[in-house]
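So the chains spell out like this:
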Amino acid sequence: MEFSVGQNIRMKKAHPCGENRWEILRVGMDFRLKCTGCGRQVMVPRKLVEKNFKGFLE
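Residues numbered from 1 in each chain as written. Predicted model: local features only at pLDDT ≥ 70, side-chain atom pairs only at ≥ 80, totals over all residues. Heavy atoms only, no water.

**Student:** Before we move on, can you summarise the overall build of the protein with the specific residues and values?
**Tutor:** The secondary structure content of the protein amounts to 1 helix and 5 strands. In sequence order, the protein lays out its α and β elements as β-β-β-β-α-β. The C-alpha atoms of the protein give a radius of gyration of 10 Å, which matches the 10 Å a tight globule of 58 residues would have. Once the C-alpha set of the protein is aligned to its principal axes, its extents read approximately 25 × 20 × 20 Å. Residues classed as buried in the protein amount to 26% of the 58 residues present. Considering only contacts in the protein between residues 6 or more positions apart, those separated by 24 or more positions represent 31%. Of the roughly 4,000 Å² that the protein leaves accessible, carbon and sulfur atoms contribute 47%. Each charge class in the protein can be summarised by its mean position, and for the 12 positive and 6 negative side chains these summaries are 7 Å apart. (Helix = DSSP H or I, 4+ residues; strand = E, 2+ residues; numbered from the N terminus. Rg over C-alpha atoms; globule rule 2.2 N^0.38 Å. Buried < 20%, exposed > 50% of the residue type's maximum accessible area, 1.4 Å probe, protein only. Contact = heavy atoms within 4.5 Å. Areas by Shrake-Rupley, 256 points an atom, 1.4 Å probe, with all protein chains shown as cover. Lys, Arg positive; Asp, Glu negative; His and termini not counted. Charge placed at Lys NZ, Arg CZ, Asp CG, Glu CD.)

Here's what the structure looks like:
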């Protein structure tokens, strides 16, 4: 799967704030994702992102 910085993605599980939409800030072995609901940034391993990925958002 091809991911790039600036894309918005949907994940299966929601963030504790209730939002499941994320913006990609960094791509590599680890992804830096920003929650579009509360703005918190998290580092997530690539394997976990690919497993929980649900779709791209426009």
